Amino acid sequence: MKISSRGEYALRALICLGKNEHDLTSIGDISDQTLVPINYLEQLLLQLKRNGYVQSKRGVNGGYKLSKDPSEIIIGEVIRNLEGPLAPMGCVSITSYESCPLEEGCQLKPLWALVRDTVAKLLDRTTLKDLLDGNGYALDKLV
């Protein structure tokens, strides 16, 4: 699993919107706060809107805001929607399994499965609210 700029920038945008949770934020302000180019941000916000995380309003006083409470936005779900499976290798992917000729008896497969499970567990237990509160990195979420 590799988080691309797409996932990183989308999370930055969600954090920005979460800080202004009840107010509309212009795309220019989001771009300024996240350092994401407006053209790229438009694409990300459209995808976030399609996935139900944000809503928009057109016009002079328009902008974007969260469509869910930050405690309901699960980071693992956001990443999967934008980036695809969390598995580091196709042979351990739950949603996009890819066979490998060395799979039977592979001594690496259990390690890759553990990596997948650990990353998934942490991201699935982390909400946007946790990130806004500064708790998104808490290792105690793995216990």
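Above this text you will find the structure in question.
Note that the coordinates shown come from a computational prediction; the quantities given were computed from them, not determined experimentally. (Residues numbered from 1 in each chain as written. Predicted model: local features only at pLDDT ≥ 70, side-chain atom pairs only at ≥ 80, totals over all residues. Heavy atoms only, no water.)

A. Spotlight on the overall build of the protein. Looking only at helices and strands, the protein features six helices and two strands. Written out in order from the N terminus, the α and β elements of the protein read α-α-α-β-β-α-α-α. Referenced to the eigenvectors of the C-alpha coordinate spread, the extents of the protein come out at roughly 60 × 30 × 25 Å. Out of the 143 residues in the protein, the part that is buried amounts to 36%. (Helix = DSSP H or I, 4+ residues; strand = E, 2+ residues; numbered from the N terminus. Buried < 20%, exposed > 50% of the residue type's maximum accessible area, 1.4 Å probe, protein only.)

B. Local environment of helix 4 (residues 75-83). Listing the buried residues of helix 4 in full gives Ile75, Gly76, Val78, Ile79 and Leu82. The buried residues of helix 4 occupy one face: seen down the axis, they fall within an arc of 160°. Looking at the packing, one finds that the buried side of helix 4 touches helix 1 (5-19), helix 3 (38-50), helix 5 (109-124) and helix 6 (128-133). (Arc of directions from axis to C-beta. Contact = heavy atoms within 4.5 Å.)

C. How the structure looks around the pattern of salt bridges. A complete count under the given rule lists six salt bridges for this structure. With a closest N to O distance of 3.2 Å, Arg12 and Glu8 form a salt bridge. A residue pair is termed a helical-turn pair when its members lie 3 or 4 positions apart in one helix, as Arg12 and Glu8 do in helix 1 at four residues. A salt bridge links Glu77 to Lys68; the shortest N-O distance between them is 4.0 Å. For Lys68, a relative accessible area of 26% corresponds to the partly exposed category. (Salt bridge = Lys/Arg side-chain N within 4 Å of Asp/Glu carboxyl O.)

D. Inspection of the pairing of strand 2 (residues 63-66) at higher detail. As paired elements, strand 1 (residues 54-57) and strand 2 share four bridges and run antiparallel to each other. Its bridge partner being in strand 2, Ser56 is matched across the sheet by Tyr64. Here strand 1 folds back onto strand 2 in antiparallel fashion, the turn holding five residues, of which Gly59 has a positive phi close to 110°. (Pairing = 2+ DSSP bridges.)

E. Examining the nonpolar core more closely. Leu14, Ile30, Leu45, Leu48, Val54 and Val78 are the most contacted members of the largest nonpolar core, which totals 27 residues. Those elements that place two or more of their residues in this core are helix 1, helix 2 (27-34), helix 3, strand 2, helix 4 and helix 5. Looking at which element gives the most residues to this core, the answer is helix 1, with seven residues. The contacts of Val54, once residues within four sequence positions are left out, are Leu14, Leu17, Leu45, Leu48, Lys49, Tyr64, Lys65, Leu66 and Ser67. (Core = buried A, V, L, I, M, F, W, Y, C linked by side-chain atoms within 4.5 Å.)

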